[in-house]
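# Coordinate inspection notes
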Amino acid sequence: MSAPRTPTKSAGSKESESRNSRGSIGPAGTPPIGSGKRRSTAGSQLGSPVARSGTASVASPSGTRDKLNSATLKQNATSPVPAVKSATERVEIAENAQFLPSGIHTIFISSATQQAMQLCVDEDLTQENNAKMIDKEILLNDIQTNGQGSNFYEFQQQIQNYPENEIAIIYDYDYFYSQNFLICFDPKLKKFIENPPVTLPIQESDEVEQYVPPVPKKWISLGSEVEIDNERLILNRSLKSFKIKVPTRISTTLTPNEKFKDVDPDIDRKKNFISIEQYDDKQFDLRKMELDLAIQAAPEHRENFSQTIWRYPKNQWTQYEARSFTEDEKAKSMTDPELINMVVTSKDLFKEALQQNIIHDPFYIDWNELGGNLDGLGGPGDSHLKEYQSFSSIKQSRDKIVTCVQWHPTLRGIIAVSLAAGQGFDERTDNLSRINTSPPLILIWSFVDPIQPKLYLEAPDDIQCFQFSPTDPHIIAGGCVNGQIVMWDIKEYEERIRNPRGDHRDKDLFIPGFEDENFFQTPHIRFCAVSSIEHGHSEPITDLQWIPDHYQVTAQGLPTENLAMNCSQIMTCAFDNQVLFWETRVPRAGVKPLSKKEREIINPMGVPLTFKHLDLIWKPFLRVTLQSPETGTVEFAPRKFSIRETQGDRDVLNQEDKELFEKKKDTSLGQFVNPLDDPNKTLSQAKAKVLQNVDTFFYIGTEDGQLVYQDWMPQKDQDSTKFFTPKAAWSTIVVDGPVVALKRSPFFKDVILVAGGWMFQIWREKIHSGSLLHAAPLKEKITDVEWSPTRPGVFYISKQNGSIDIWDIIDRTHDASISQSISSSSVTFLSIKVISSKQQLLAAGDSNGTLHILEVPWALRQPVNQELNLVTNYLERETERRAFVKHRWDLREEEKREKERLATMKAGIAPSHISTQEEIDIRMKSEYNEFLQFEFGVLREMGLRDENEAPTVTPAAT
């Protein structure tokens, strides 16, 4: 591959010959100043003349490199290490690394890594055959296995981003670039190394070139000889001649017979050597009589400036009255023959100018239309999602899909992801008998360490959904495939999550010989409690949500004020046609504290006892069974649900306080005392008031693509005095597949985005005549949706082909504004987080178990001018449109009934008089009053009513 080097001839020319014998690093490789000329013939240590630059050369961390060098220099006998170089040679080697092209870096590879990757010098790689292609996955596995001890750790990001599967490794035989190997990250240079250009030998011609003497040309005068004659010196007088004779000096020390001889300078250096210094010879004097000088006269140049300081702004104006002609002047000007002649002659020009103004607008600015509008998605600003980071565990993410992603509520850069086996019902049934040695996990990642997770949360079965507690972030609740709810408490490991891995080392753990080997291993945390299988869900839990901290639900379904202001209740839904409410607080009776010995006996694994009172006996306190509003049978299999109240929204409490204040001001209602304001009662004795403004109705998305409007408050049966779940208030089919997402807008509490199958719709709460936005079916199946937290009209849709569509209803409502591919596999979950006012991250999990973190650009996180008002007006227009459609439906139904009535009257079947709605209401109220009187009479005969008590009668409308 590289040309042989010329043997040195002498010690003085060794350095220059070594430089001249090297191949050129590239066609654009320029040797450093003063380093000698480098040969430019074909062939080099790279195998091909590839230009290199030192700017991309990155040295590995000093600590890691020193450890690797000290550990491998002893055993690296196969790698020829050059002799110790002088200071000048070391400086030249450092300067050589500056001319490496961008894309090629120096790297030191130990002998152990050489043997593992078949890169042994003088065996797999030689001075002539010095390049080899290594699979990218081999390098990533080495980094994953050895961590920072890997020789390729400093190039991890560049290896992951390399577009091709193979990376070129080049052997540097004599450490010309300060290391024993080079690594190439440029695909073009890699192809240049694989297929170097062939240098053809120069063919010498046998023909001898004959010398042709030049032929003189005839001189043509152009006037230059006149100038030469003018500059020629002409002698006007005869020259004078002088003869000067200098007398010779007679030496007094030498005799005529004395002869000179060779003397050894080392015998008597002072006697035989005489220094002759310079001196001024006064006998010699030469004066210049003529001197050639060039003198140029230039005008004097001076720069001056003056600046007036405007100390304060001042508003000034001028007002004047328009000057107008008198009537005589107007008559005279209109009869002026010159004016009339000008108008007549310029008539055609005026017509042409008017036609041009109609055809073309001369004031139209093309430049403003080139860039578009920065506020829209189609502007010149970057509107595409950028890959910020990705998380994937080689061991835990294999053959797994991401089922849920949750950001930590309080800590930045902390995100949790749940993984489940990508198996269907039949595959899962077949694998029930197999023993699974590795439990299902929730991985908690940190942006500081994208290779190793911070924590592993173990679960009894695959987790389909989970969520951090909004008020206690160290509490995590999750729903399993087997229908159980799992609780974790990671308070003990909060310090480990909060700090980077290298910042929380304890000095006692790193005493030589007493290191803690398990300190840097990711801990596995066992769950604190799990719900009872008999009293919980019988199907996989598909959605889980903490009830907001400002209210709580009683066993009778009443929403009351939460005096503790912390999240303690959970809502879940599953395929078993139920929505369950769970309580996590300790019962009123309390739990007897255990001693240390009892805790060790009961809890040998060291699991926190936060939810010990719930483990294996935990059951819901309220069940909501979904029934069809038409038939009353159980037909709905819920997948997602959405309640109106959100965490952090205190509008309900503020409204209740306002009503309470109005009630206190009304003296006719008496003195009202709030239990919390009573000084004689403590907080535990005070009773929480019922929040009348909390809506107990919520929406549910089912497996069959239905949207159900259900009330969770049970009703009491008049006959059996038992409580039962009422029928669904409303239901309809909205999508053509299972509902995968049901999310409310962060700006409008009553606007819901429903997605499933190949369709999505936007509905408004209690507007059940139809959807506000019904998009056409997409080409790919929808997997999840997510609203933008800062732009009211923007939402994201993930699809099964691994792409994300970005919709902006202000820009267009019939198609996505941007569609971007994120992964080669299906994107299964979306979750967005506002990091700061200048940063917003979107987490997207795929079916390969990889979590992609995407940075949202400025155009998608910064709202456009008056965007909230524009979206509000759009929703109001669509709401009015639905009301108009419903009104037209009612008119058509009334017309249909009128036609049927006229048809029956013609046939002689219909009665002669048709009761109006008012007459029907009067008749029904009369029947109801008769029933009340009959009931009162029965109760009075039974002794349950007083004889003098009058029955309650509802007045009839007039």
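Residues numbered from 1 in each chain as written. Predicted model: local features only at pLDDT ≥ 70, side-chain atom pairs only at ≥ 80, totals over all residues. Heavy atoms only, no water.

## Some remarks on the overall build of the protein
What counts here: Counting from the N terminus, the helices are the DSSP runs of H or I reaching at least four residues and the strands are the DSSP runs of E reaching at least two. A simple rule labels every residue: compare its accessible area, found with a 1.4 Å probe on the protein chains alone, to the largest value its type can have, and call it buried under 20%, exposed over 50%, or partly exposed in between. Here, two residues are considered to be in contact whenever any of their heavy atoms come within 4.5 Å of each other. Per-residue accessibility takes into account occlusion by the displayed protein chains alone, with areas from the Shrake-Rupley method and a 1.4 Å probe.
The number of helices and strands found in the protein is 20 helices and 37 strands. For the protein, the proportion of its 958 residues judged to be buried stands at 37%. Restricting to contacts in the protein with at least 6 residues of sequence separation, those with at least 24 account for 63%. When the accessible area of the protein is evaluated, it comes to approximately 63,200 Å², of which 53% is carbon and sulfur surface.

## Re the sheet that holds strand 31 (residues 782-787)
Applied cut-off: By this definition, two strands are paired if DSSP reports at least two bridges between them. Axes here refer to lines fitted to C-alpha atoms; in helices the fit is confined to the stretch in contact. Angles between the N-to-C directions go from 0 to 180 degrees.
Across the sheet, which stays open at both edges, the 4 strands sit in the order 31-32-33-34 with antiparallel pairing between neighbours. Looking at strand neighbours, the two that pair on one side only are strand 31 and strand 34 (818-821), the edges of this open sheet. Ignoring strand direction, the axes of neighbouring strands in this sheet form an average angle of 20°. One ladder, built from 5 bridges, connects strand 31 with strand 32 (residues 794-799); its direction is antiparallel. Along strand 32, the bridge assignment pairs Asp784 with Ser798.

## Considering unusual backbone geometry
Of note, the phi angle at Met565 is positive, near 55°, even though the residue is not glycine. Position of Met565 among the secondary structure elements: in the loop between strand 17 (559-561) and strand 18 (569-574). With relative accessibility at 31%, the residue Met565 sits in the partly exposed group. Phi is positive for Asn577, which is not a glycine, with a value near 65°.

## A short note on the environment of Phe447
Along the chain, Phe447 turns up in the loop between strand 8 (441-446) and strand 9 (455-458). Excluding anything up to four places from it in sequence, Phe447 contacts Tyr388, Gln389, Phe391, Trp407, Gly413, Ile415, Leu841 and Ile853.

## Structural notes on the environment of Ile415
Topologically, Ile415 is positioned in strand 7 (residues 414-421). Sequence separation between Ile415 and Phe447 is 32 residues; the distance between their C-alpha atoms is 8.4 Å. For Ile415, the residues in contact, after removing those within four places along its chain, are Phe391, Val405, Gln406, Trp407, Leu443, Ile444, Trp445, Phe447, Ala843, Leu851 and Ile853.

## Re the pairing of strand 1 (residues 104-107)
The alternating pattern of strand 1 places Ile104 and Thr106 and His105 and Ile107 on opposite faces, both of which are buried. As paired strands, strand 1 and strand 4 (residues 181-184) are joined by 4 bridges and run antiparallel to one another. Looking at the pairing, His105 lines up with Ile183 of strand 4.

## Thoughts on the nonpolar core
Let me state the cut-off plainly: For our purposes a nonpolar core is just a set of buried Ala, Val, Leu, Ile, Met, Phe, Trp, Tyr and Cys residues, chained together by side-chain atoms within 4.5 Å.
Counting 39 residues, the largest nonpolar core has Ile415, Ile444, Trp488 and Ile853 as the members making the most contacts within it. Not counting chain neighbours up to four residues away, the residues in contact with Ile853 comprise Lys386, Glu387, Tyr388, Gln389, Phe391, Trp407, Ile415, Phe447, Leu841, Leu842 and Ala843. The next biggest cluster of nonpolar side chains, apart from the first, holds 23 residues, and it includes Phe760, Trp787, Trp807 and Ile809.

## Comments concerning the pattern of salt bridges
Where we set the bar: Counted as salt bridges are all cases of a side-chain nitrogen of Lys or Arg within 4 Å of a carboxyl oxygen of Asp or Glu.
Tallied over the entire structure, the rule returns 22 salt bridges. Taking the shortest distance from any N to any O, the salt bridge between Asp229 and Arg232 comes out at 3.3 Å. In this structure, the salt-bridge partner of Glu583 is Arg585, at a minimum N-O distance of 2.9 Å. Taking the relative accessible area as the measure of exposure, Arg585 reaches 33% and is therefore partly exposed. Each member of the salt-bridge network shares a partner with another, and the members are Arg644, Arg744 and Glu765.

## Examining a negative patch on the surface
For the record, the criterion: Patch membership needs two things, relative accessible area over 30% and no salt bridge, and members are linked within 9 Å if like-charged or within 5 Å if nonpolar (Val, Leu, Ile, Met, Phe, Trp, Tyr). As used throughout, the charge tally considers Lys and Arg to be positive and Asp and Glu to be negative, leaving His and the chain termini uncounted. For the purpose of locating charges, the reference atoms are NZ of Lys, CZ of Arg, CG of Asp and CD of Glu.
Where like charges cluster on the molecular surface, the negative patch consists of Asp135, Glu137, Glu166 and Glu194. By the secondary structure assignment, Asp135 is in strand 2 (residues 131-135).

## Section: the sheet that holds strand 29 (residues 759-764)
Backbone-to-backbone hydrogen bonds pair the strands of a sheet. The strands run either parallel or antiparallel. Spatial strand order, 27-28-29-30: 4 strands in an open sheet with antiparallel pairing. Every other strand in the sheet has two partners, leaving strand 27 (739-744) and strand 30 (773-774) as the edge strands with one partner each. Judged from the 2 bridges that link them, strand 29 and strand 30 form a sheet pairing that is antiparallel. Among the inter-strand pairings, Gln761 is bridged to a residue of strand 30, identified as His774.

## Section: a nonpolar patch on the surface
On the surface, Met334, Leu339, Met342 and Val343 cluster together to form a nonpolar patch covering roughly 370 Å² of accessible area. The greatest single-element share of the nonpolar patch, amounting to 3 residues, is contributed by helix 11 (residues 337-345). The exposure class assigned to Met342 is partly exposed, which follows from its relative accessible area of 42%.

## Some remarks on the pairing of strand 7
By the criterion of burial, strand 7 is predominantly enclosed, with 8 of the 8 residues buried. By the alternation rule, side chains of strand 7 split into Ile414, Ala416, Ser418 and Ala420 and Ile415, Val417, Leu419 and Ala421, which are all buried. Strand direction decides the pairing type here: strand 6 (residues 400-407) and strand 7, joined by 7 bridges, are antiparallel. Following the sheet pairing, Ile401 is matched in strand 7 by Ala420. Where strand 6 hands over to strand 7, the hairpin turn is made up of 6 residues, of which Gly413 adopts a positive phi near 75°. Direction of pairing for strand 7 relative to strand 8: antiparallel, over a ladder of 5 bridges. Residue pairing for strand 8: Val417 is matched across the bridge by Leu443.

## Remarks on the packing of aromatic side chains
Using the following cut-off: Centre distance within 6.5 Å is the pairing criterion for rings of Phe, Tyr and Trp, where only the six-membered ring of Trp is used; planes under 30 degrees apart are then read as stacked, over 60 as edge-to-face, and the remainder as tilted. Working rule: Lys NZ or Arg CZ, within 6 Å of ring centre, within 35 degrees of ring normal, means a charge sits over the ring.
With the rule as written, the count across this model stands at 20 aromatic pairs. Between Phe697 and Tyr709, the aromatic rings sit 5.1 Å apart at their centres with planes inclined by 25°, giving stacked as the arrangement. Remark: Tyr709 occurs in strand 23 (residues 706-711) and Phe697 occurs in strand 22 (residues 697-702); sequence separation between them is 12 residues. In this structure Phe697 comes out as partly exposed when scored by relative accessible area, which is 26%. By relative accessible area, which is 5% here, Tyr709 ends up buried. Ring centres of Phe795 and Trp807 lie 6.3 Å apart, and the angle between their planes is 5°; this geometry places the pair in the stacked category. A residue pair is termed long-range when its members are at least 10 positions apart, and Phe795 in strand 32 and Trp807 in strand 33 (residues 803-808) qualify at 12 residues. Directly above the aromatic system of Phe829 lies the positively charged group of Lys743, at a separation of 5.8 Å from the ring centroid.

## Focus on the side chain of Ser531
In plain terms, the rule: Any N or O atom pair separated by 3.5 Å or less is treated as a polar contact, with the protein-specific requirement of one donor-capable and one acceptor-capable atom, and with residues adjacent in sequence counted only for side-chain atom pairs.
By secondary structure assignment, the location of Ser531 is in the loop between strand 14 (529-530) and strand 15 (541-546). Polar contacts involving the side chain of Ser531 include one to the main-chain amide nitrogen of Ile485, which spans 2.9 Å. Ignoring sequence-local partners within four residues, the contact set of Ser531 consists of Gly483, Gln484, Ile485, Trp582 and Trp618.

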